[in-house]
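Chain by chain, the residues run as shown.
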Amino acid sequence: MSHPTVSRRGFLAGVGGLGVASALSACATSTPAAPAATGSGSSKALLLKSRETSDKSRKAMQALLDEFVKANPQYKPTLNTMEAAAFQQQIRADLTLSTPPDVLTWFAGEIASNFAKQGLLLDATSAFPAQGYSDQFTKLSADASGKKIFIPTNYYWWGMFYRTSQFEKWGVSEPKTWDEFVALCKTLQGKGVSPLALPLADAAWLTASWFDYLNLRINGATFHRALLAGQESYTDPRVAKVLDVWREVLPYLDPAGKGLSFQEGSAKWQQGKDAMFLCGPFLADSMPDDVKADISFFQFPIVDPAVPVAEEAPLDGFIASARSADPDGALAFLKYAATPAAQELYLKISQNTVIPANSQAKSPYSTPLLEKGRAMVAAAADVTQFFNRDSNDDQLNALTTALVKFIDKPGDAAGILAQWQDDSAKARGN
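Residues numbered from 1 in each chain as written. Predicted model: local features only at pLDDT ≥ 70, side-chain atom pairs only at ≥ 80, totals over all residues. Heavy atoms only, no water.

Visitor: How would you sum up the nonpolar core? Please name residues and give values.
Guide: For soluble globular proteins, nonpolar side chains are generally found buried alongside one another. The biggest cluster of nonpolar side chains holds 131 residues, and the ones touching the most others in it are F181, L196, W210, F211, W246, M276 and F333. Take this core: its biggest share by element is ten residues, from helix α8 (residues 206-228). Leaving out residues up to four positions away in the same chain, L196 has contacts with M160, F181, C185, W210, V249, Y252, L253, D254, D274 and M276. (Core = buried A, V, L, I, M, F, W, Y, C linked by side-chain atoms within 4.5 Å. Buried < 20%, exposed > 50% of the residue type's maximum accessible area, 1.4 Å probe, protein only. Helix = DSSP H or I, 4+ residues; strand = E, 2+ residues; numbered from the N terminus. Contact = heavy atoms within 4.5 Å.)

Visitor: Explain the sheet that holds strand β8 (residues 295-298) to me, and be specific about the residues and the numbers.
Guide: With mixed pairing, the four strands of this open sheet are ordered in space as β6-β7-β5-β8. For this open sheet the edge positions go to β6 (194-197) and β8, each flanked by a neighbour on one side alone. The mean inter-strand angle of the sheet, taken between neighbouring strand axes irrespective of direction, is 30 degrees. With three bridges connecting them, β6 and strand β7 (residues 274-279) associate as parallel partners. Of the residues in β7, the one forming a bridge with S194 is D274. The strands touched by helix α10 (residues 262-270) within the sheet are β5 (159-163), β7 and β8, with β7 carrying the most contacts at an inclination of about 130 degrees. (Pairing = 2+ DSSP bridges. Axes fitted to C-alpha atoms, helices over the stretch in contact; angles between N-to-C directions.)

Visitor: So, the sheet that holds strand β1 (residues 44-50): which residues are in play, and what are the values?
Guide: If you walk across this open sheet you meet the six strands as β2-β1-β3-β10-β4-β11, and the pairing is mixed. Edge positions in the sheet fall to β2 (75-81) and β11 (355-356), since each of these pairs with one other strand and no more. Two elements, strand β4 (residues 151-155) and strand β10 (residues 315-320), share four bridges in a ladder whose sense is antiparallel. Counted as the bridge partner of I151 is F318 from β10.

Function-wise, these values are silent; they only describe arrangement.
Set out below in structure tokens:
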């Protein structure tokens, strides 16, 4: 049976703001105003190109520009909002234009690093604050030489989400270890409850979250990054062990999941027909307030306590083009975007379920759920992004092909891993 794969990045960008938001909506590209003249005594043009298409996110982005101008009246910035999928396809071309956008929304990870290797990104070291960012976020904002090429603005987290009232009804509690997790799945199934949601009809990229976390828990973040970079092989016994461990809970996946869309799977989980969902907080964005108040999560279970704990925390923010006609203006905006005030303003207006990246910023709509996510990420020994942020969409397609096959035929693991390695090498152009 084939399963269509929707880009995880495109899917999440389609649901909203810097990271995630509350509605599945497609918005037309806004038409930018004509650039201001840059002659003596006139305002300087500055173009910010954004992929954040929800109405609240656009308003929040414009508010950032308006506040920036108050402190920098010499600039006349323009906001150009482009539908997310088109933005993704066009960004590399945008960065190579002779007159590119000055600043663009983007995210941390391997793709930004590749842009930097090609000399496409402005050195933002002077705009990066000395305080406010964790060591993990600071590292993710730098290129191989250590110079800053990315300004983080917010992030979210991944975890095993559940409804508190349902856990209470079933008389179960959060597990800490993998063995406790497997036992919980067995208990829930014995009560007639489907333990694990994994809708695949339009969201096969969700399988990557399982692989990421199991590989991080079993083999650690260093091996995980090396594997995604092509420095290790998917035929390595360490990867085979990841599938061996995952095989233990395959019987607890919702058997109807292969035919469910993300929306259908989310609704089923909301109704308590599936108990747990490995996901980000965007899972709850479109749910009623009373349901949101009932939602919690637990950290992905520890498999090997000797392995330093890493968490998935996709980090969003801004990059600037190395070809900007006004690099000083671009850096001035990046410096403003890094401030607690800017990040608080954006989140106050956008109302996204994300956390400001600057630790000195306060979350305008803080909730116990959000603070629990913040604490989990802060306690992590390392932070990764998501499979296709740490690699690319072609690599994600190879992964989803392999893992959907594995779910169907777990006994064919060796052949699946060999094919995965071959597909991955082709995706890298090797």
